[in-house]
Amino acid sequence: MNKKMLDALNGQINEELNSMYIYMAMAADLDEMGWGGMAHWMRKQAQEELAHALKIQGYVKDRQGRVVFKAIGEPQLTWNTPLELFKGALAHEQHITGTVHKLVKLARELDDIATEVFLNYFVSEQVEEEDAAHEIVDALEKVGNSAGPLYQVDSWLRKRE
Ligand code: MG
């Protein structure tokens, strides 16, 4: 594989692991706020990010590339409200969508058809990730600070498998 493509994929492994770390911190803060269902949803999200990192690691290996791990930064640890927190998660997913699209453009530039096809999964995945985050932000905006409806959102998010 082209060195530029390899470096970029290694960079994406770091982005995915960084996402995992951010969502673990968000889950911990949601637990702290007493919203166990939202925390559960966020921990599932963190697990998905690890799966993304592993998927890229597997692909790099299949292309005879060397996986290189870089440092992961310290995440934000506290948020004021679940709404602020989920808005942060949505903004982060929008950032990740940008990084995925950059990878696709690089694969096209380098005429790396196999990598472009591999990345299709991540392009579609990001549409779903952003939609899921939007849906939760919308729900939290509607309920505001009323405890009853917030509990309903919490119960809804607890159902994530
Ligand atoms: Mg991801």
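Residues numbered from 1 in each chain as written. Predicted model: local features only at pLDDT ≥ 70, side-chain atom pairs only at ≥ 80, totals over all residues. Heavy atoms only, no water.

Draft legend 1. Inspection of the coordination of the magnesium ion at higher detail. All of the protein donors around the magnesium ion are Glu16 (OE), Glu49 (OE) and His52 (ND1); their distances to the metal are 2.1 to 2.2 Å. Sequence spacing of the donors to the magnesium ion: E-x32-E-x2-H. Of this pair, Glu16 sits in helix α1 (residues 3–33) while His52 sits in helix α2 (residues 36–62), and the two are 36 residues apart along the sequence. Here Glu16 and His52 have matching classes, each one buried. (Donors = N, O, S within 2.8 Å, 3.2 Å for Na, K, Ca; no water. Helix = DSSP H or I, 4+ residues; strand = E, 2+ residues; numbered from the N terminus. Buried < 20%, exposed > 50% of the residue type's maximum accessible area, 1.4 Å probe, protein only.)

Draft legend 2. Layout of the nonpolar core. Grouped together as the largest cluster of nonpolar side chains are 46 residues, with contacts concentrated most on Leu9, Met26, Met38, Met42, Phe86 and Leu140. Among the secondary structure elements, those contributing two or more residues to this core are α1, α2, α3 (82–109), α4 (113–143) and α5 (147–158). Ranked by residues supplied to this core, first place goes to α1 with 12 residues. Apart from the residues lying within four places of it in its own chain, the contact partners of Met38 are Leu30, Pro82, Phe86, Leu140, Leu150, Val153, Asp154 and Leu157. (Core = buried A, V, L, I, M, F, W, Y, C linked by side-chain atoms within 4.5 Å. Contact = heavy atoms within 4.5 Å.)

Draft legend 3. Representation of the packing of α1 against α2 in the model. Direction vectors running N to C along α1 and α2 enclose 165 degrees, while the axes themselves pass 8 Å from each other. Viewed along their axes, α1 and α2 adopt a mutual orientation that is roughly antiparallel. The handedness of the crossing between α1 and α2 comes out as left-handed. For the contact of α1 with α2, a count of residues per class yields 19 nonpolar, 6 polar and 4 charged. (Axes fitted to C-alpha atoms, helices over the stretch in contact; angles between N-to-C directions. Parallel < 35°, antiparallel > 145°, perpendicular 65-115°, else oblique. Left-handed = near helix turned anticlockwise from the far one by under 90°. Nonpolar A, V, L, I, M, F, W, Y, C, P; charged D, E, K, R; others polar.)

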